[in-house]
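Here is how the chains run, residue by residue.
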Amino acid sequence: MAEEKESTSIPLSQADNVADDPEDPAKSPPSSPNSSTRKACCFVLQSWVSKKFMTGFVVLFPVAFTFFVTWEFIQFFDGFFSPLYERLGVDIFGLGFVTSLLFVFFVGIFVSSWMGATVFWIGEWFIKRMPFVRHIYSASKQVSAAISPDQNTTAFKEVGIIRHPRVGEYAFGFITSTVILQRDNEDEELCSVFVPTNHLYIGDIFLVNSKDVIRPNLSIREGIEIIVSGGMTMPQMISPIERVVRQNERIPLNRMK
């Protein structure tokens, strides 16, 4: 019995520490209703402020980014002819930008003619024989040819979706050309599909059977916007062109009935 009393006895210093320990839930005083209400109000206010701030940021970010890019674009093109006007004593902001737009317009008219096309071909011939420069020119020309109103052999023909890299997964790309693969039993028509891996400059080329390529109802420019934006501008629903054509053919038949 004496041993049990000694084991259960606690020194006075330790007893005081236990009584004063705020971490002990049994010894800590109960929290008042006012403090709990204040914590709940602070939490609700913090959540409301954070949500409204993120809403304002989401709304203002694309507007600010658009104005920033537009301002840099105007300053970039305005800097081509502004020094010329400054030497002439004309200091009007935006005059160099307007002159640059007119210059691009007249270059388009000149290149559309026979003489302009010849001059452009000679200049392109020299650029393609420059080391390192020709690779940059070829990549930039590929992108510009894809959105050019004059579709030629180097432009993207159509937007294509192929099954890649595994079954059940799809890759978004552009059909650049078609090729006939000669086989022993029969010829097979293949589509050359360019799948970008780094925006539009670098990518992989896949030769896929033309029947296995899904052609969505998207234009080339819409496809480029989807690639550049990382898929954020992807529409919620994509339909193959064949399905859209069949639906359009059914509408007149239903009206006739």
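Residues numbered from 1 in each chain as written. Predicted model: local features only at pLDDT ≥ 70, side-chain atom pairs only at ≥ 80, totals over all residues. Heavy atoms only, no water.

### Focus: the pattern of salt bridges
Thinking step 1. Using the criterion set out here, one finds 3 salt bridges in the structure.
Thinking step 2. Linking R215 and E158 is a salt bridge whose minimum nitrogen-to-oxygen distance equals 3.2 Å. Pair noted here: R215 is in the loop between β4 (202-209) and α7 (220-228) and E158 is in strand β1 (residues 158-163), with a separation of 57 residues, a long-range link.
Thinking step 3. Under the relative-accessibility criterion, R215 is labelled buried at 16%.
Thinking step 4. For E158, a relative accessible area of 29% corresponds to the partly exposed category.
Thinking step 5. The salt bridge partner of E188 is R183, with a shortest N-O separation of 3.0 Å. (Salt bridge = Lys/Arg side-chain N within 4 Å of Asp/Glu carboxyl O. Helix = DSSP H or I, 4+ residues; strand = E, 2+ residues; numbered from the N terminus. Buried < 20%, exposed > 50% of the residue type's maximum accessible area, 1.4 Å probe, protein only.)

### With respect to the state of the cysteines
Thinking step 1. Counted by the stated rule, this structure contains 0 disulfides.
Thinking step 2. Summary of cysteine pairing: C41 is not part of a disulfide, and the nearest cysteine sulfur, belonging to C42, is at 7.0 Å. (Disulfide = S-S within 2.5 Å.)

### Section: the environment of R163
Thinking step 1. Note on placement: R163 falls in strand β1.
Thinking step 2. Residue class for R163 comes out exposed when judged on its relative accessible area of 52%.
Thinking step 3. In this view, R163 contacts E169, Y170 and D212; residues no more than four positions away in its chain are not counted. (Contact = heavy atoms within 4.5 Å.)

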